[in-house]
Amino acid sequence: MSLALSRIIAGAWRLDQWQWSPQQRLRWVEENLALGISSFDHADIYGAYTVEALFGEALALAPGLRERLQLVGKCGIRLAVPARPGNLIHHYDTSAAHVRASVEQSLAALRTDRLDLLLIHRPDALLEADELAACFEALRREGKVLHFGVSNFSPAQFALLHSRIPLVTNQIELSPLHRQPLHDGTLDQCQQLGLRPMIWSPLAGGRLFTGEDDAARRVQAELQRLSDELSVSATTLAFAWVLRHPSRPLPIIGSRRIEAAREAVAALQLKLDAQQWYRLWRAGAGHDVP
Ligand SMILES: NC(=O)c1ccc[n+]([C@@H]2O[C@H](COP(=O)([O-])OP(=O)(O)OC[C@H]3O[C@@H](n4cnc5c(N)ncnc54)[C@H](OP(=O)(O)O)[C@@H]3O)[C@@H](O)[C@H]2O)c1
């Protein structure tokens, strides 16, 4: 069974900061769904290990809702926080024992029986590809995780694990203020393998609008000019910029505002031409292409 994520994905990273009641969280899920945003991006560590349970609490209010969603989870980072007294320092752990324990915990917190997709959150220098692949196979056989991928992996790191077990995505950061994956082989690899990357911080975490550094100010000015020319919002433009890449990325929006989600969805109807796209590239880089 192939994985079908929505073209725009909702990110749950900041959910704990929004201080919402379970009903407000449920409304956020339902309003996203109404816009066609049916995939939700999670990680065990979000909100210092609290976000999955906040989301699960909302899901439990609406029986049957789970069947209309795709849930993406991540593991592999261990944070030294009070909720995990055994973690003495922040570190990575992609051992089969940790991955399995983390998945079991995520399923319980999200109040679901399966993750549609599980990602290894960050490349772990101690990653044992054969051990992890066997763990993934077992989780799939048990029906606990349907698909697997990685996040923030270099092309070589991706190729190693992909040689042991098929991965469906690499979740990476991309925006006019973070262009590295355009040029270091990451997105070329996605296109070569026909795998759609998931994109985090497509609005550079808000820096596209409120950043005060030189690069952010240049991008803000160019977004304003393009916005006036095309009569679309800066948010729509930022999503159109990410969506324009030939690897057919799946951007993850991190805003709490449903209006921002609506503007992101509007980008699905806007195809920037090469000059418009490179104007934003140039604004981010601070110079013309070579
Ligand atoms: N794999 C990884 O390593 C990784 C890392 C980071 C994130 N992620 C995932 O990616 C998702 C998205 O990341 P992100 O939250 O950084 O995405 P983002 O969409 O680039 O940034 C969202 C932030 O930008 C702010 N923002 C949006 N529009 C704005 C505007 N017009 N003016 C001022 N501020 C504005 C939002 O505030 P408002 O809510 O007020 O709009 C929010 O704080 C996360 O939820 C998480 O699921 C993954």
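Structural data are supplied above this passage.
Residues numbered from 1 in each chain as written. Predicted model: local features only at pLDDT ≥ 70, side-chain atom pairs only at ≥ 80, totals over all residues. Heavy atoms only, no water.

(A) Geometry of the sheet that holds strand β7 (residues 148-151). Strand order around the closed barrel formed by 8 strands is β1-β2-β3-β6-β7-β8-β9-β10, with parallel pairing between neighbours. Taken pair by pair, the neighbouring strands of this sheet meet at an average axis angle of 30°, ignoring direction. Note: strand β1 (residues 9-11) against strand β2 (residues 39-41), 3 bridges, orientation parallel. Across the sheet, residue A10 finds its bridge partner in β2, namely F40. (Pairing = 2+ DSSP bridges. Helix = DSSP H or I, 4+ residues; strand = E, 2+ residues; numbered from the N terminus. Axes fitted to C-alpha atoms, helices over the stretch in contact; angles between N-to-C directions.)

(B) Spatial organisation of the pattern of salt bridges. Applying the stated criterion across every chain, the model contains 18 salt bridges. Across the salt bridge formed by D41 and K74, the nearest N and O atoms sit 2.7 Å from each other. Of this pair, D41 sits in strand β2 while K74 sits in strand β3 (residues 70-75), and the two are 33 residues apart along the sequence. Overall, D41 belongs to the buried group, its relative accessible area being 3%. Residues R140 and E137 are paired through a salt bridge, measuring 3.9 Å at the closest nitrogen-oxygen approach. With R140 and E137 both in helix α5 (residues 129-141) and 3 residues apart, the pair spans about one turn of that helix. (Salt bridge = Lys/Arg side-chain N within 4 Å of Asp/Glu carboxyl O. Buried < 20%, exposed > 50% of the residue type's maximum accessible area, 1.4 Å probe, protein only.)

(C) Structural context of helix α4 (residues 96-110). Between its terminal C-alpha atoms α4 stretches 21 Å, which fits the 21 Å expected from 15 residues at 1.5 Å a residue. Within the span of α4, buried status applies to H98, V99, S102, V103, S106, L107 and L110. Projected down its long axis, α4 carries its buried residues within an arc of 165°, all on one side. Of the residues in α4, the exposed ones pointing more than 90 degrees away from the buried face are A97 and A108. Close packing links the buried residues of α4 with α3 (51-59), β3, β4 (77-78), β6 (117-120) and α5. Positive backbone phi, at 55°, marks R111, one or two positions downstream of α4. (Expected span 1.5 Å × (residues − 1). Arc of directions from axis to C-beta. Contact = heavy atoms within 4.5 Å.)

(D) A look at the packing of aromatic side chains. Considering all chains together, one arrives at 10 aromatic pairs under this definition. Note on F40 and F55: the rings are 5.4 Å apart at their centroids and 50° apart in plane angle, and the pair reads as tilted. Residue F40 is found in strand β2, and its partner F55 is found in helix α3; the two are separated by 15 residues along the sequence. As far as the burial class goes, F40 and F55 line up, both buried. Cation over ring: R84 sits above Y49, and NZ or CZ is 3.9 Å from the ring centre. In this structure, R179 is placed above the aromatic ring of W281, and the distance from its NZ or CZ to the ring centre is 5.9 Å. (Phe/Tyr/Trp six-rings, centres within 6.5 Å; stacked < 30°, edge-to-face > 60°. Lys NZ or Arg CZ within 6 Å of the ring centre and 35° of its normal.)

(E) Representation of the site of the ligand in the model. Not every one of the 27 residues close to the ligand is listed here, only the nearest: R14, D41, S201, L203 and S255. Contacts to the ligand include Q171, whose side-chain N or O atom sits 2.9 Å from a nitrogen atom. Relative to its unbound accessible surface of 920 Å², the ligand loses 85% to contact with the protein. Contributing elements (two or more residues each) for the shell around the ligand: α9 (207-210) and β10 (250-253). Here the shell around the ligand is built from residues that sort into 10 nonpolar, 11 polar and 6 charged. (Near = heavy atom within 4 Å. Polar contact = N/O pair within 3.5 Å; in protein donor to acceptor, adjacent residues only side chain to side chain. Areas by Shrake-Rupley, 256 points an atom, 1.4 Å probe, with all protein chains shown as cover. Nonpolar A, V, L, I, M, F, W, Y, C, P; charged D, E, K, R; others polar.)

(F) The state of the cysteines, seen in detail. Under the counting rule described, the total for this entry stands at 0 disulfides. Free cysteine C75: the closest other cysteine sulfur is in C135, separated by 7.8 Å. According to the relative accessible area criterion, C75 is buried, its value standing at 0%. You can call C135 buried: its relative accessible area is 6%. (Disulfide = S-S within 2.5 Å.)

(G) Main features of the packing of helix α11 (residues 234-243) against helix α12 (residues 258-266). Where α11 meets α12, the closest approach of the two axes is 7 Å, and the angle between their N-to-C directions is 45°. Viewed along their axes, α11 and α12 adopt a mutual orientation that is oblique. Along this stretch, α11 crosses α12, giving a crossing that reads as right-handed. Of α12, the residues touching α11 (which contributes T235, T236 and F239) are A260, E263, A264 and A266. Of the residues contributing to the contact of α11 with α12, the split by class is 4 nonpolar, 2 polar and 1 charged. (Parallel < 35°, antiparallel > 145°, perpendicular 65-115°, else oblique. Left-handed = near helix turned anticlockwise from the far one by under 90°.)

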